[in-house]
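As a plain string of letters, each chain reads:
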Amino acid sequence: MKKYYYLLFSFALLFSCNDKKNASESPEPAISKNSVTLEKPFDKKWIEGTYETKPEENDSGECRLLLEITKTKNGYAYFLKTKTRELKGIATFKIQKYGEKYLILEGIKWDEYEGDISHEEENDSISDSKTSTKELEIPVGIEAGYSKDTLTIQNYGNSMNSYTKLSECGRKYIQLIKSQK
């Protein structure tokens, strides 16, 4: 009888070692060279739908946005409607190292961009003898963080990095809530 216990124990030990070996051999998710964006695929079905801003306290209604994300044969597309314009384009995705999901509305040019002015004094002292009229290139593409059926766009920056993405909305953070249909 003891032989059977030893045999059973040996098989259990052997199989438990094999499971650990297989688990340690499984590849880690690939991380891009800047160690920020994961390259492993993820399910994008979570993003499809219609999103709208909700009224805030003392809201004059100036920040009414509607965003529709739809699946196309080549990927995903968006339709963004504001008080003054309607925009269509391609929607792309990225997922950050710690699992944060982002939607990028490609092709939307920011309304204002002054760039990083935190080192402006240093740059001014260097170029005192030369008048620099270098124009900053205005960024294109609006990134929105996704969390629990809400897309959040940081609409404008601060005094050190001044920009405005959608000037028709005065909110610093635009939250678009997914409609439940």
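The shown structure was predicted, so the numbers you read here are calculated from the model rather than taken from an experiment.

Examining the overall build of the protein chain
Here is step 1: Secondary structure summary: the protein chain contains 2 helices and 10 strands in total.
Here is step 2: Split into buried and exposed, the 181 residues of the protein chain put 27% on the buried side.
Here is step 3: Sequence-distant contacts, at least 24 apart, represent 53% of the contacts inside the protein chain between residues at least 6 apart.
Here is step 4: When the accessible surface of the protein chain is totalled, it reaches about 13200 Å², and 52% of it is carbon and sulfur.

Re the nonpolar core
Here is step 1: I47, L67, I69, L103 and L151 are the most contacted members of the largest nonpolar core, which totals 26 residues.
Here is step 2: Residue assignment for this core shows that the elements contributing at least two residues are β2 (66–72), β3 (75–81), β4 (86–95), β5 (101–109), β7 (140–147), β8 (150–154) and β10 (173–178).
Here is step 3: Discounting residues that sit within four places of it in the chain, L67 has contacts with G49, T50, Y51, Y78, F79, L80, L103, L105, L151 and L176.

Some thoughts on the state of the cysteines
Here is step 1: All chains considered together, the criterion is met by 1 disulfide.
Here is step 2: The disulfide partner of C63 is C169, and the S-S distance across this bridge is 1.8 Å. The disulfide joining C63 to C169 has a torsion of about -80 degrees about its S-S bond and is therefore left-handed. Linking C63 in the loop between β1 (49–53) and β2 with C169 in the loop between β9 (161–164) and β10, this pair joins segments that are 106 residues apart in sequence. For the pair shown, C63 and C169 are each scored as buried.

Parameters and conventions
Residues numbered from 1 in each chain as written. Predicted model: local features only at pLDDT ≥ 70, side-chain atom pairs only at ≥ 80, totals over all residues. Heavy atoms only, no water. Helix = DSSP H or I, 4+ residues; strand = E, 2+ residues; numbered from the N terminus. Buried < 20%, exposed > 50% of the residue type's maximum accessible area, 1.4 Å probe, protein only. Contact = heavy atoms within 4.5 Å. Areas by Shrake-Rupley, 256 points an atom, 1.4 Å probe, with all protein chains shown as cover. Core = buried A, V, L, I, M, F, W, Y, C linked by side-chain atoms within 4.5 Å. Disulfide = S-S within 2.5 Å.

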